[in-house]
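Structural overview for review
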Amino acid sequence: MALNHAKVTGILKEGNTVSGVKVQDMLTGKEYEIKSRMVVNAAGHWMDAVCGMMYGQPKRMVRRTKGVHLLTPRLSNNALVLYAKSDGRLWFVIPAGKYSLVGTTDTDYKGDLEAVYAEKADVDYLMQEVQKVFPNLETKDIYYTYAGLRSLPDSGDEKPGNVSRAHKTIDHEKLDGVKGFISVLGGKITGARGISEEITDLVCKKLDIKTKCKTATTPLPGAPIVDQGRIIKICRRDKN
Ligand SMILES: Cc1cc2nc3c(=O)[nH]c(=O)nc-3n(C[C@H](O)[C@H](O)[C@H](O)COP(=O)(O)OP(=O)(O)OC[C@H]3O[C@@H](n4cnc5c(N)ncnc54)[C@H](O)[C@@H]3O)c2cc1C
């Protein structure tokens, strides 16, 4: 069963074992308790807050970095990958309809999670690089900007761009003895099904369920069934 518009407001615990979640239906305001043998915390930027509900105090595991994009008039008909002269970072210009999408930045973010936007410094950083390649583009030509946050495993004090983009699975039973609670953070949309498979297999193992996750070979709803042999053949052809 899936429940949309439902906010987790608390974690149910019996001793050192998580036994479900408290949720609030954001459409009706009603609150419910949902019992379960396993809870997976995939709350992205809010992961620390959900962990905090379980531990009763904040737990810092996530490092957030901001990425800003600009939408500009069409700069190139090809996708371009470039390296910033100021700091050597990779950036790109890709066609987006009639326009170009320029991105991105990668800076630590400690502000309001509900109000992430491109600041002047973000736009200036990108424009400084863009104008080295496309000197005619001016800041006033930008149609709009948008910003997002990357939630990355907090691995210390390296530069934001050096923090691993690989996902991290945290079994809280191994971490500090809390049973029935798994957190997953980081990762990419492109790897989402692989990450889901890993988590599903871990949950099944913990619940002593012997079935293996079938994500890798199950088409998404509406997707055509494609023969795996054919995909391998096409990939090999593209390599040569
Ligand atoms: C600038 C930028 C560029 C990127 N480029 C790429 C790319 O090219 N390719 C790629 O694959 N990935 C890219 N990513 C990464 C990708 O966007 C993320 O990895 C992905 O969105 C993470 O998904 P998620 O489901 O883990 O987290 P989120 O998308 O953050 O989802 C977390 C969800 O948890 C919910 N939630 C939080 N708290 C609660 C609560 N208490 N109760 C109930 N629900 C709650 C939130 O509402 C949210 O829906 C990029 C990210 C950024 C910022």
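Use the structure listed above.
Because the structure is predicted, anything quoted here is derived from the model rather than measured. (Residues numbered from 1 in each chain as written. Predicted model: local features only at pLDDT ≥ 70, side-chain atom pairs only at ≥ 80, totals over all residues. Heavy atoms only, no water.)

What about the overall build of the protein chain?
Using the following cut-off: Helix and strand labels come from DSSP, where a helix needs a run of H or I of at least four residues and a strand needs a run of E of at least two; each type is numbered from the N terminus. For each residue, the accessible area found with a 1.4 Å probe, counting protein chains only, is set against the maximum for its type, and the residue is called buried under 20%, exposed over 50%, and partly exposed in between. Throughout, a contact is declared for two residues whenever any of their heavy atoms are within 4.5 Å. Only the protein chains shown count as cover for residues, and the accessible areas themselves come from Shrake-Rupley with a 1.4 Å probe. Only four residue types enter the charge count, namely Lys and Arg as positive and Asp and Glu as negative; His and the chain termini do not. In plain terms, the charge of a residue is placed at NZ if it is Lys, CZ if Arg, CG if Asp and CD if Glu.
When helices and strands are counted, the protein chain shows 5 helices and 12 strands. Its C-alpha atoms put the protein chain at 65 × 50 × 40 Å along the principal axes. Taking all 240 residues of the protein chain together, the buried fraction comes to 33%. Within the protein chain, counting contacts between residues at least 6 apart in sequence, those at least 24 apart form 55% of the total. For the protein chain, the exposed surface amounts to about 15,400 Å²; the carbon and sulfur share of it is 55%. Counting 37 positive and 28 negative side-chain charges, the protein chain places the averaged centre of each group 5 Å from the other.

Comments concerning the pattern of salt bridges
Heads up, the rule is: Whenever Lys or Arg places a side-chain nitrogen within 4 Å of a carboxyl oxygen from Asp or Glu, that contact is recorded as a salt bridge.
According to the stated counting rule, one finds 15 salt bridges in the structure shown. Salt-bridge contacts for Glu173 lead to Lys206; the nearest nitrogen and oxygen are separated by 2.8 Å. Of the two residues, Glu173 sits in helix H3 (residues 172-176) while Lys206 sits in helix H4 (residues 192-206), which places them 33 residues apart along the sequence. Among the residues examined, Glu173 registers a relative accessible area of 33% and is labelled partly exposed. Overall, Lys206 belongs to the partly exposed group, its relative accessible area being 30%.

Section: the sheet that holds strand S3 (residues 31-35)
Quick note on the threshold: Strand pairing requires that DSSP identify at least two bridges connecting the strands. Axes, fitted as lines to C-alpha atoms, cover a helix only where it is in contact. Angles between the N-to-C directions of the axes lie from 0 to 180 degrees.
Strand order in the open sheet formed by 3 strands is S1-S2-S3, with antiparallel pairing between adjacent strands. The open sheet has two edge strands, strand S1 (6-14) and S3, and neither has a second partner. Geometrically, the sheet is characterised by an average inter-axis angle of 25° between neighbouring strands, direction not taken into account. With 8 bridges joining them, S1 and strand S2 (residues 17-25) adopt antiparallel strand pairing. The residue bridging Ile11 from the neighbouring strand is Val21, located in S2.

Let's talk about the site of the ligand
This is how the line gets drawn: Being near a molecule or strand, for a residue, comes down to having at least one heavy atom within 4 Å of it. Any pair of nitrogen or oxygen atoms within 3.5 Å is treated as a polar contact; in protein, a donor-acceptor pairing is required on top of that, and neighbouring residues in sequence qualify only through side-chain atoms on both sides. Domain delimitation in this document rests on an assignment produced automatically or drawn from a domain database.
Close to the ligand lie 18 residues; Val8, Gly187, Lys188, Ile189 and Thr190 are nearest. Within the backbone of Val8, a nitrogen or oxygen atom sits 2.8 Å from a nitrogen atom of the ligand. Ile189 is positioned such that a nitrogen or oxygen atom in its backbone is 2.8 Å from an oxygen atom of the ligand. Protein burial of the ligand: of its 1,000 Å² of free accessible surface, 57% is covered by the chains. Elements supplying a minimum of two residues to the shell around the ligand: S1, strand S5 (62-73) and strand S10 (144-153). Looking at which domains feed residues into the shell around the ligand, each of domain 1 (6-61 + 167-183) and domain 2 (62-153) gives three or more.

A look at the pairing of strand S7 (residues 90-96)
Note: strand S6 (residues 80-83) against S7, 4 bridges, orientation antiparallel. Counted as the bridge partner of Leu80 is Val93 from S7. Between the end of S6 and the start of S7, which pair antiparallel, lie 6 residues, with Gly88 showing a positive phi angle near 80°. Of the strand pairs in this sheet, S7 and strand S8 (residues 99-103) are connected by 5 bridges, and their pairing is antiparallel. Counterpart to Phe92 in the pairing with S8 is Gly103. Here S7 folds back onto S8 in antiparallel fashion, the turn holding 2 residues, of which Gly97 has a positive phi close to 60°.

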